[in-house]
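# Breakdown of the fold
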Amino acid sequence: MRSALYVPGNRPDLFDKALSGPADVVLLDLEDSVPPGEKDSARAEVSAWLRTLTAARPSVWVRVNSGAAAERDLRAVALPAVAAICLAKTESAEQVRAVGTILGAHEDVPDRIRICPLLESAAAVLAAAAIAAAPRVSRLQLGEADLCADTDIDPGDRDGLLAVRTQVVLASAAAGIDPPLGPAETDFRDLDALRESTKALARMGFRGRSCIHPAQVPIINEVFTPTAAELVRARDLVDRFDAANGGIVFDSGGRMVDLAVIRRARRLLADAPAE
Ligand code: COA
Ligand code: MG
């Protein structure tokens with residue numbers, strides 16, 4: 001899972017287009033990209049389209065509204081084609097549990113639909129550890145636009161966001177869930193900036209990112225796909241470790257290899273797309 005492409009729920013003309021592209025996840029949105037007056041029709045459109053899907057590839061997630069509208073959204077989209085719910089403006093683990101209970105009453109297979117809480121406020125970031133450990137949560141997603149509005153952090157200042165990003169990465173690792181999804185880059189025409197900011201997220205421990213335009217998908221996929229050289233190096237380290245039989249391991253440059261490095265190499269190999 002590297003890229004999640006948002007599609008506004010009031011744009012059914014884009015649903016099939018998004019599904020046929022290279023995004024790993026198509027993220028249908030019922031929240032802020034849908035104007036208030038179109039919420040009901042968007043929910044109905046999304047629900048109807050989801051019912052036409054059999055085995056959805058790429059996987060399909062739906063971003064639902066928080067608060068009073070959440071239950072209405074969840075009832076309409078807890079369908080077999082949906083792999084996960086992105087819960088906008090998640091603030092607490094209790095909120096996630098409440099969503100899980102509603103899903104439980106509507107989903108086809110008990111406990112199947114995952115929850116990807118979207119953390120986009122100061123309270124959410126401070127509660128990240130508890131939210132990450134809540135039932136059904138498979139990964140966190142960071143929403144920086146609302147967070148910056150909430151906190152007055154300058155959205156253009158990466159230093160200002162560093163502590164927040166790291167907290168979300170640590171909370172995910174501590175809870176044993178997948179690494180978090182990074183925020184969307186709203187300047188969708190500047191693909192060089194996208195590549196650069198995506199690489200920065202990757203270095204910080206994010207493993208995937210949401211996006212809003214199809215042109216962003218291949219770049220995000222590329223940054224989050226290990227290169228052939230990285231895979232060869234990981235394979236070599238694991239082979240050396242196995243051959244050392246519990247003894248000290250050296251890499252091809254003669255440097256001693258820590259066990260933690262082997263663990264990282266194994267994870268890289270396990271996550272690599274099948275050839
Ligand atoms: N999913 C699928 N297809 C999309 C798409 C999306 N999110 N965004 C654009 N496209 C399609 C367009 O329909 C167009 O297709 P065409 O070549 O067949 O005509 C093509 O990609 C190029 O689009 P372009 O003209 O460059 O963009 P646009 O001006 O039509 O749309 C946005 C720009 C930002 C309005 C649009 O990308 C969008 O709505 N993105 C999602 C926003 C969102 O969901 N935000 C909420 C989360 S922050
Ligand atoms: Mg938001």
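Attention in this report is confined to the structure presented alongside it.

How each quantity is defined
- Residues numbered from 1 in each chain as written.
- Chains lettered and ligands numbered in written order.
- Predicted model: local features only at pLDDT ≥ 70, side-chain atom pairs only at ≥ 80, totals over all residues.
- Heavy atoms only, no water.
- Near = heavy atom within 4 Å.
- Polar contact = N/O pair within 3.5 Å; in protein donor to acceptor, adjacent residues only side chain to side chain.
- Areas by Shrake-Rupley, 256 points an atom, 1.4 Å probe, with all protein chains shown as cover.
- Helix = DSSP H or I, 4+ residues; strand = E, 2+ residues; numbered from the N terminus.
- Nonpolar A, V, L, I, M, F, W, Y, C, P; charged D, E, K, R; others polar.
- Buried < 20%, exposed > 50% of the residue type's maximum accessible area, 1.4 Å probe, protein only.
- Contact = heavy atoms within 4.5 Å.
- Donors = N, O, S within 2.8 Å, 3.2 Å for Na, K, Ca; no water.
- Arc of directions from axis to C-beta.
- Pairing = 2+ DSSP bridges.
- Right-handed = clockwise from strand over helix to strand, strands pointing away.
- Core = buried A, V, L, I, M, F, W, Y, C linked by side-chain atoms within 4.5 Å.
- Salt bridge = Lys/Arg side-chain N within 4 Å of Asp/Glu carboxyl O.

What follows covers the site of ligand 1. Near ligand 1 lie 15 residues; those nearest to it are Tyr6, Lys17, Arg189, Ile212 and His213. One nitrogen or oxygen atom from the main chain of tyrosine 6 is found 2.8 Å from a nitrogen atom belonging to ligand 1. Between ligand 1 and isoleucine 212, the relevant distance is 2.7 Å, taken from a nitrogen atom to a main-chain nitrogen or oxygen of the residue. Contact with the protein chains removes 60% of the 900 Å² of surface that ligand 1 exposes when unbound. Those elements that provide at least two residues to the shell around ligand 1 are strand S1 (3-8) and helix H1 (12-19). With four residues, S1 is the single largest residue contributor to the shell around ligand 1. For the shell around ligand 1, a count of residues per class yields nine nonpolar, two polar and four charged.

Okay, the side chain of threonine 90 next. Tracing the backbone shows threonine 90 in the loop between strand S4 (82-87) and helix H4 (93-106). Classification of threonine 90 as buried rests on a relative accessible area of 0%. Residues within four places of threonine 90 in sequence aside, it is in contact with Gln95, Val96, Pro117, Leu118, Leu119, Ala124 and Ile131.

Taken together, the protein ligands of the magnesium ion (ligand 2) are Glu120 (OE) and Asp146 (OD), with distances of 2.0 to 2.1 Å. With glutamate 120 in the loop between strand S5 (114-119) and helix H5 (122-126) and aspartate 146 in helix H7 (residues 144-151), this pair connects stretches of sequence that are 26 residues apart.

Not every positive phi belongs to a glycine, and aspartate 111 is a case in point at roughly 65 degrees. Mapped onto the secondary structure, aspartate 111 falls in the loop between H4 and S5. At asparagine 245, a residue that is not glycine, the phi angle is positive and equals roughly 55 degrees. Along the chain, asparagine 245 turns up in the loop between helix H11 (228-244) and helix H12 (259-271).

Of the residues making up H7, those classed as buried are Glu144, Leu147 and Cys148. Mapping the buried residues of H7 onto a view down its axis gives an arc of 95 degrees, with all of them on the same face. Exposed and oriented more than 90 degrees from the buried face of H7 are Ala145 and Ala149. Looking at the packing, one finds that the buried side of H7 touches H5, strand S6 (141-142) and helix H8 (158-175). Aspartate 152 occupies a position one or two residues after H7 and carries a positive phi of about 70 degrees.

The next point concerns the pairing of S5. Of all the six residues making up S5, five are buried; the element is thus mostly covered by neighbouring parts of the structure. Sheet topology note: the S4/S5 ladder contains four bridges and is parallel. Considered in S5, the bridge of isoleucine 85 is made with isoleucine 115. For the segment spanning S4, H4 and S5, crossover handedness is right-handed. Relative to S6, S5 runs parallel, the two sharing two bridges. If you follow leucine 119 over to S6, its bridge partner there is leucine 142.

Below, the discussion takes up the nonpolar core. Soluble globular proteins: nonpolar side chains tend toward being buried together. Among the nonpolar cores identified, the biggest contains 65 residues, and Leu28, Leu50, Val62, Val77, Ile85 and Leu140 are the most heavily contacted of them. For leucine 50, the contacting residues outside a window of four places in its chain are Leu28, Val60, Val62, Val77, Leu79, Ala81 and Val82. If you look at the next biggest cluster of nonpolar residues, it comprises 10 residues, including Ala4, Leu27, Ala84 and Cys116.

One can find asparagine 221 in helix H10 (residues 217-223). Judged by its relative accessible area of 7%, asparagine 221 falls in the buried class. If sequence neighbours within four positions are ignored, asparagine 221 has contacts with Arg2, Ser3, Pro22 and Asp24. Reaching out from asparagine 221, the side chain makes a polar contact with the side chain of serine 3 at a distance of 2.6 Å.

The next thing to look at is the pattern of salt bridges. Per the counting criterion, the structure on display carries 24 salt bridges. Its salt-bridge partner being aspartate 236, residue arginine 240 comes within 2.9 Å of it at the nearest N-O pair. In this pair, arginine 240 and aspartate 236 both sit in helix H11, four residues apart, roughly one turn of the helix. In this structure arginine 240 comes out as partly exposed when scored by relative accessible area, which is 31%. According to the relative accessible area criterion, aspartate 236 is partly exposed, its value standing at 27%. Aspartate 251 is the partner of arginine 255 in a salt bridge, and the nearest nitrogen-oxygen pair spans 3.1 Å. Under the relative-accessibility criterion, arginine 255 is labelled exposed at 53%. One network of salt bridges, in which partners are shared, links Asp29, Glu31, Asp32, Arg63, Lys89 and Asp146.

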